[in-house]
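# Results of the structural survey
Each chain, letter by letter, is given below.
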Amino acid sequence: MLARIETGVGPPAVSEAIGFLRERLSRAPRAVLVLGSGLGEVAAEIEDPVRVPYEEIPGFPAAVVPGHRGELVAGIWEGVELVALSGRFHLYEGWDPVAVALPLRALAALGADRLILTNAAGGVRRDMGAGELMLIVDHLNFMFRNPLVGAAAPGEARFPDMSSPYDAEFRRIALETAAKLGITLTRGVYAGVLGPSYETVAEIRMLAAMGADAVGMSTVPEVIVARALGLRVLGISCITNPAAGLGVGRLDHEEVLEVAGAAGYRLRRLLAGLVPKLVAANLPTEAVE
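Let me begin by describing the structure that accompanies this report. Since this is a predicted model, take the numbers as computed values, not measurements.

The subject of this paragraph is the overall build of the protein chain. Helices and strands together make up the secondary structure of the protein chain, namely seven helices and nine strands. Expressed as a percentage of the 289 residues in the protein chain, the buried residues total 54%. Partitioning the intrachain contacts of the protein chain with sequence separation of at least 6 by distance along the chain shows that 82% fall at a separation of at least 24. As presented, the protein chain carries roughly 12200 Å² of accessible surface, and 55% of it is formed by carbon and sulfur atoms.

Quick look at the environment of alanine 168 now. Note that alanine 168 resides in helix α4 (residues 168-181). Residues alanine 168 and valine 233 lie 65 residues apart in sequence; the distance between their C-alpha atoms is 9.1 Å.

Another aspect to go through is the side chain of arginine 114. Residue position: arginine 114 is located in strand β5 (residues 114-123). One polar contact links the side chain of arginine 114 to the main-chain carbonyl oxygen of leucine 278, over a distance of 3.0 Å.

Pairing of strand β6 (residues 133-142) with strand β7 (residues 185-193), which is carried by nine bridges, proceeds in the parallel orientation. Residue pairing across strands places methionine 134 opposite threonine 186, the latter belonging to β7. Note that β6 and strand β9 (residues 232-242) share three bridges and pair antiparallel. The partner of leucine 133 across the bridge, within β9, is cysteine 238.

Inspection of the entire model under this criterion finds 14 salt bridges. When the shortest N-O distance is used, the salt bridge between glutamate 169 and arginine 172 registers 2.5 Å. One end of the pair, glutamate 169, and the other, arginine 172, are both in helix α4, three residues apart, so they sit about a helical turn from each other. Arginine 172 serves as the salt-bridge partner of glutamate 176, at 2.7 Å between the closest nitrogen and oxygen. Of the two residues, glutamate 176 and arginine 172 are both situated in helix α4; the distance of four residues between them amounts to about one turn of the helix. Residue classification places glutamate 176 among the partly exposed positions, given a relative accessible area of 40%.

Reading guide: rules and limits
- Counting of residues starts from 1 at the beginning of each chain's written sequence and follows it residue by residue.
- For a predicted model such as this one, the threshold for reporting local features is a pLDDT of at least 70, and the threshold for listing and counting side-chain atom pairs is 80 or more; totals across whole chains, interfaces and linings nevertheless cover every residue.
- As a convention, hydrogens and water are excluded, and side-chain values are obtained from all of the structure's heavy atoms.
- Secondary structure elements are defined from DSSP: runs of H or I of at least 4 residues count as helices, runs of E of at least 2 residues count as strands, and each element is numbered from the N terminus.
- Accessibility here uses a 1.4 Å probe with only protein chains present; expressed as a share of the type maximum, an area under 20% marks a residue as buried, one over 50% as exposed, and anything in between as partly exposed.
- Contacts are assigned to residue pairs that have any heavy atoms within 4.5 Å of one another.
- Each accessible area value is a Shrake-Rupley result obtained with a 1.4 Å probe; residue values ignore everything except the protein chains displayed when judging cover.
- Identification of polar contacts relies on pairs of N or O atoms within 3.5 Å, with a donor-acceptor requirement for protein atoms, meaning one able to donate a hydrogen and the other able to accept it, and with residues adjacent in sequence counted only if both atoms are side-chain atoms.
- In this description, strands pair whenever DSSP reports at least two bridges between them.
- Any carboxyl oxygen of Asp or Glu within 4 Å of a side-chain nitrogen of Lys or Arg constitutes a salt bridge here.

Given below as structure tokens:
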């Protein structure tokens with residue numbers, strides 16, 4: 001773990017990644033789409049794609065978690081210039097929070113001002129079944145790590161407001177789009193935990209008592225950096241399994257990938273309808289409860 005943290009991914013690494021991507025990408029992205037476990041098939045639909053493996057980009061580690069392809073795909077999807085990150089880095093792999101946030105910092109510098117995050121999560125709320133899609137309305141940071149620790153990066157707020165990290169207008173558009181497509185989209189609070197072990201039954205009871213509806217091992221660091229950069233954020237979780245103590249049998253990553261893959265068609269339909277609307281959206285509205 002220390003070897004990874006000591007490699008350094010501060011401003012020089014971000015600058016190197018920006019310079020590299022400027023040479024490789026022919027278009028400036030409007031949005032960043034982060035694809036979580038088992039959800040990478042969306043990247044196959046991008047037109048005129050430029051595909052860059054993570055290991056070729058300065059500061060980007062290779063993705064090693066099953067279900068994460070580990071490539072950046074830039075191109076046009078539903079008429080929108082965007083970059084899809086097929087796979088992400090996790091704190092549980094030993095990476096520093098700054099390393100986890102490096103891709104977003106680099107892509108924001110290239111022009112992206114929208115962030116659309118997807119992830120696979122365990123259901124904490126008892127009425128959520130496997131394969132259900134959850135619109136993230138807020139989160140709990142039980143990773144107890146923050147990518148903003150240290151000197152403030154240029155262009156980032158030192159004390160970003162996190163009272164509404166998931167854009168209210170984006171959430172309204174997501175709910176309207178899902179309803180028109182006949183896709184069930186529930187709303188809930190995502191609890192981000194460090195991992196990589198799954199939670200105990202007692203921990204799930206604690207998270208439920210504290211207001212969590214789903215739990216996962218990603219997303220929170222990216223959202224914090226996005227808000228410091230002023231990006232507008234939408235988050236959607238694919239509920240892949242009941243959390244510990246709420247279902248039958250053992251928790252298994254292969255099952256997570258299988259359920260996420262099965263739900264991928266509905267998620268792709270939803271994102272295809274959403275992305276153009278999110279890029280066209282301008283002014284935020286009152287919060288959606």
